[in-house]
Amino acid sequence: MITSDQKPFWILSIDGGGVRGIIPARVLQYIEEGTQKPIHELFDLIVGTSTGGLIALGLTCSENSQTPKYSAKEIVNIYLRQASQIFSNSIFRKILTGNGLWGAKYDRTGYDLILKNMFGDFLLSQALCPVVIPTYSLIKSAPNIFTSRKTLESKVDYFMRDIAGATSAAPTYFPPKQFTDTQGTIHIEADGGIFANNPETIGVTESFNLMPDLQRENIRIISIGTGSPKLAQTASKLTDAGMIGWVMKANLIDVMMDADSDWYEDEINILYSKAHRLQATLPENLGQLDNTTSENLNGLLQAAENYIEANKQLIDNIVTSLVSGD
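What you are looking at is a predicted structure, and each value in this text was computed from that prediction instead of being measured.

Caption draft 1: Fine view of the overall build of the protein. Helix and strand content of the protein: 14 helices and 8 strands. Residues classed as buried in the protein amount to 56% of the 326 residues present. For the protein, the share of sequence-separated contacts (at least 6 apart) that also reach a separation of at least 24 residues comes to 77%. Here the protein has roughly 14300 Å² of accessible surface; of this, 53% comes from carbon and sulfur atoms.

Caption draft 2: View of the side chain of arginine 26. Along the chain, arginine 26 turns up in helix α1 (residues 22-35). Apart from residues no more than four positions distant in its own chain, arginine 26 is found in contact with Glu33, Val76, Leu301, Ala304, Glu305 and Ile308.

Caption draft 3: Examining the environment of isoleucine 194 more closely. Topologically, isoleucine 194 is positioned in helix α9 (residues 193-196). Overall, isoleucine 194 belongs to the partly exposed group, its relative accessible area being 42%. Isoleucine 194 sits 144 residues away from serine 50 along the chain, and the two C-alpha atoms are 9.7 Å apart.

Caption draft 4: Region of interest: the nonpolar core. With 70 residues, the main nonpolar core has Leu28 and Phe119 as its most contacted residues. Sequence-distant contacts of leucine 28, that is, excluding residues within four places in its chain, are made with Leu12, Ile14, Ile39, Ile55, Leu59, Ala72 and Ile224. Counting 15 residues, the second-largest nonpolar core is a separate cluster that includes Leu45, Ala196, Leu214 and Ile221.

Caption draft 5: Up close: helix α6 (residues 109-119). Residues of α6 that are buried: Tyr111, Asp112, Ile114, Leu115, Met118 and Phe119. An end-on view of α6 places all buried positions within 155° of arc, on one side of the element. Turned more than 90 degrees from where α6 packs its buried face, Thr109, Leu113 and Asn117 sit exposed. The secondary structure elements touched by the buried residues of α6 are α3 (51-58), α4 (72-86), α8 (160-167) and β5 (177-180).

Caption draft 6: Structural detail: the packing of aromatic side chains. Applying the stated criterion to the full structure yields 7 aromatic pairs. Here tryptophan 10 and phenylalanine 43 contribute two aromatic rings whose centre-to-centre distance is 6.4 Å and whose plane-to-plane angle is 85°, an arrangement assigned as edge-to-face. In this pair, tryptophan 10 is assigned in strand β1 (residues 9-14) and phenylalanine 43 in the loop between α2 (39-42) and β2 (45-48), connecting sequence segments 33 residues apart. Its relative accessible area of 3% is what places phenylalanine 43 among the buried residues. An aromatic cluster is built from Phe87, Tyr106, Tyr111 and Phe174, whose rings are joined through pairwise contacts. In this structure, arginine 161 is placed above the aromatic ring of phenylalanine 159, and the distance from its NZ or CZ to the ring centre is 4.1 Å.

Caption draft 7: A look at the packing of α4 against α6. Remark: α4 packs on α6, axes separated minimally by 10 Å, with the N-to-C direction vectors making an angle of 150°. One finds that α4 runs roughly antiparallel with respect to α6. Relative to α6, the crossing made by α4 is right-handed. Residues Ile75, Ile78, Gln82, Gln85 and Ile86 of α4 form the contact with α6, whose participating residues are Tyr111, Ile114 and Met118. Considering only residue class, the contact of α4 with α6 consists of 6 nonpolar, 2 polar and no charged.

Caption draft 8: Structural context of unusual backbone geometry. Located in the positive-phi region is serine 50, a residue other than glycine, with phi close to 55°. When you line up the elements, serine 50 lands in the loop between β2 and α3. On the basis of relative accessible area, serine 50 is assigned to the buried category, the value being 6%. One non-glycine residue with positive phi stands out, namely serine 65, at about 65°. If you trace the backbone, serine 65 turns up in the loop between α3 and α4.

Caption draft 9: Broad picture of the pattern of salt bridges. This structure, assessed with the given rule, holds 11 salt bridges. The shortest N-O distance in the salt bridge between aspartate 15 and arginine 277 comes to 2.7 Å. Remark: arginine 277 occurs in strand β8 (residues 275-278) and aspartate 15 occurs in the loop between β1 and α1; sequence separation between them is 262 residues. With respect to burial, aspartate 15 and arginine 277 carry one shared label: buried. One salt bridge connects glutamate 305 with arginine 26, and the closest N-O pair in it is separated by 2.6 Å.

The rules we used
- Residues numbered from 1 in each chain as written.
- Predicted model: local features only at pLDDT ≥ 70, side-chain atom pairs only at ≥ 80, totals over all residues.
- Heavy atoms only, no water.
- Helix = DSSP H or I, 4+ residues; strand = E, 2+ residues; numbered from the N terminus.
- Buried < 20%, exposed > 50% of the residue type's maximum accessible area, 1.4 Å probe, protein only.
- Contact = heavy atoms within 4.5 Å.
- Areas by Shrake-Rupley, 256 points an atom, 1.4 Å probe, with all protein chains shown as cover.
- Core = buried A, V, L, I, M, F, W, Y, C linked by side-chain atoms within 4.5 Å.
- Arc of directions from axis to C-beta.
- Phe/Tyr/Trp six-rings, centres within 6.5 Å; stacked < 30°, edge-to-face > 60°.
- Lys NZ or Arg CZ within 6 Å of the ring centre and 35° of its normal.
- Axes fitted to C-alpha atoms, helices over the stretch in contact; angles between N-to-C directions.
- Parallel < 35°, antiparallel > 145°, perpendicular 65-115°, else oblique.
- Left-handed = near helix turned anticlockwise from the far one by under 90°.
- Nonpolar A, V, L, I, M, F, W, Y, C, P; charged D, E, K, R; others polar.
- Salt bridge = Lys/Arg side-chain N within 4 Å of Asp/Glu carboxyl O.

Here is the structure:
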């Protein structure tokens with residue numbers, strides 16, 4: 001357990017959002033380039049949901065227990081190169097599932113293979129800094145929080161590839177992730193965005209588990225969203241909508257998760273004055289979490305560039321604070 005010396009405790013929180021994860025990955029690339037340090041050396045705790053969990057684990061896995069296997073820039077390139085393989089859908093699958101209406105839209109086989117290649121046999125306990133990943137347990141019908149701290153305090157551990165696959169198993173998009181921990185216990189988990197698409201409050205809770213005497217005024221939070229999209233349908237078209245209107249045409253799952261992100265941010269701003277939310281506003285055409293066309297991915301990357309440029313002073317101030325430790 002970390003012992004508090006009353007220095008600032010830095011928390012990095014990364015939202016869920018499918019391929020829109022390219023936005024926080026690009027922001028983190030800017031921070032790494034500005035500080036000349038890997039993300040795990042800049043933050044005392046990293047918490048990520050769904051695609052944010054994938055980023056968190058990617059930035060903290062290591063082959064030598066010192067250097068991260070992936071930089072933030074490499075994570076950006078993973079989105080650009082492999083997003084289309086993650087959200088791969090055959091004509092047969094579309095017919096079989098009604099394109100996601102009565103079955104999960106995507107077969108997770110290809111995604112799990114990518115995660116296996118990305119993380120190999122890295123364990124959660126091997127993360128380069130404390131990591132927290134939320135999921136939703138279908139066995140318990142309750143939220144589940146996986147932390148590197150718990151794995152170090154107990155005999156139970158988990159493969160990073162399984163945790164990444166679990167936290168990003170978005171309802172209607174992927175089937176839940178079924179896996180076993182190192183003790184042989186079976187888990188069936190779905191996307192943590194069901195209850196915490198913006199996981200910064202979970203990060204705050206874990207910070208006190210790590211440092212029981214931590215003072216609230218010493219907590220620093222950098223929360224990075226995956227872009228706030230607009231509804232795919234106007235309010236007038238949803239006044240009496242049913243399942244097809246909300247789920248298929250208005251992207252209900254996406255909207256619910258984004259609403260969760262905004263709600264938690266309001267709470268954090270009240271409780272913690274030294275919290276910064278980095279969130280780009282996206283046009284409707286960039287809101288889908290599974291649009292892997294080159295045009296969409298490049299559009300998201302450009303949205304990240306535009307956000308960085310428009311908020312350069314704020315982000316540069318964050319970089320300065322991270323370097324100085326203030």
